[in-house]
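Close look at the chain arrangement
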Amino acid sequence: MNTIETLFELLLERRDSPQPGSYTAELLAAGKVEIAKKVGEEAIEVIVAAQAEGNERLVAEMADLVYHMLVLLVANGLAWEDVLKELEARRGGVQPPTETQA
């Protein structure tokens, strides 16, 4: 299991068994809208870091962004594998059907 998969499993555990004081549990309890806002904030921080704060800061902000994106997947009942399948479909030049086409 790689780092992303391990983290995703931990996020699922936090969703299913919230721990007092857990930032992840608090985010999930706040709901999808608030989690999506955090993803947006982190994306902006990635942009700023890439333009003016150096590689160390960029890596740290990218890690924050990935974490928050994973939390948003969990909140939406999606899995990391869903993202991997989408990327694989794009690599092959085949676009999977959208929700409206399915």
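Note that this is a predicted model, so its numbers are computed, not measured. (Residues numbered from 1 in each chain as written. Predicted model: local features only at pLDDT ≥ 70, side-chain atom pairs only at ≥ 80, totals over all residues. Heavy atoms only, no water.)

1. Some points on the nonpolar core
Grouped together as the largest cluster of nonpolar side chains are twelve residues: Phe8, Leu11, Leu12, Leu27, Leu28, Ile35, Tyr67, Leu70, Val71, Leu73, Val74 and Trp80. Those elements that place two or more of their residues in this core are α1 (3–16), α2 (23–30) and α4 (54–75). When residues in this core are grouped by element, the largest group, five residues, is from α4. (Core = buried A, V, L, I, M, F, W, Y, C linked by side-chain atoms within 4.5 Å. Buried < 20%, exposed > 50% of the residue type's maximum accessible area, 1.4 Å probe, protein only. Helix = DSSP H or I, 4+ residues; strand = E, 2+ residues; numbered from the N terminus.)

2. Digging into the pattern of salt bridges
Taken as a whole and judged by the stated rule, the model has eight salt bridges. Taking the shortest distance from any N to any O, the salt bridge between Lys38 and Glu41 comes out at 3.4 Å. Of this pair, Lys38 and Glu41 both sit in helix α3 (residues 32–52), three residues apart, which is roughly one turn of the helix. Exposure remark for Lys38: the relative accessible area of 22% places this residue in the partly exposed category. Here Glu86 ties to Arg90 by a salt bridge, and the two come within 2.8 Å at their closest N and O atoms. Here Arg90 and Glu86 lie together in helix α5 (residues 80–91), a separation of four residues that amounts to about one turn. One network of salt bridges, in which partners are shared, links Lys38, Glu41 and Glu42. (Salt bridge = Lys/Arg side-chain N within 4 Å of Asp/Glu carboxyl O.)

3. What to know about the packing of α1 against α2
Viewed as axis vectors pointing N to C, α1 and α2 meet at an angle of 65 degrees, and their least axial separation amounts to 9 Å. Crossing of α1 over α2 shows right-handed handedness. Of α2, the residues touching α1 (which contributes Leu11, Arg14 and Arg15) are Thr24, Ala25 and Leu28. In the contact of α1 with α2, the residues fall into three nonpolar, one polar and two charged. (Axes fitted to C-alpha atoms, helices over the stretch in contact; angles between N-to-C directions. Left-handed = near helix turned anticlockwise from the far one by under 90°. Contact = heavy atoms within 4.5 Å. Nonpolar A, V, L, I, M, F, W, Y, C, P; charged D, E, K, R; others polar.)

4. Looking at the packing of aromatic side chains
Scanning the model with the defined rule gives one aromatic pair in all. A ring pair is formed by Tyr23 and Tyr67, whose centres lie 6.1 Å apart and whose planes are at 25 degrees; its orientation type is stacked. Here Tyr67 lies in helix α4 and Tyr23 lies in helix α2, a separation of 44 residues in the sequence. (Phe/Tyr/Trp six-rings, centres within 6.5 Å; stacked < 30°, edge-to-face > 60°.)

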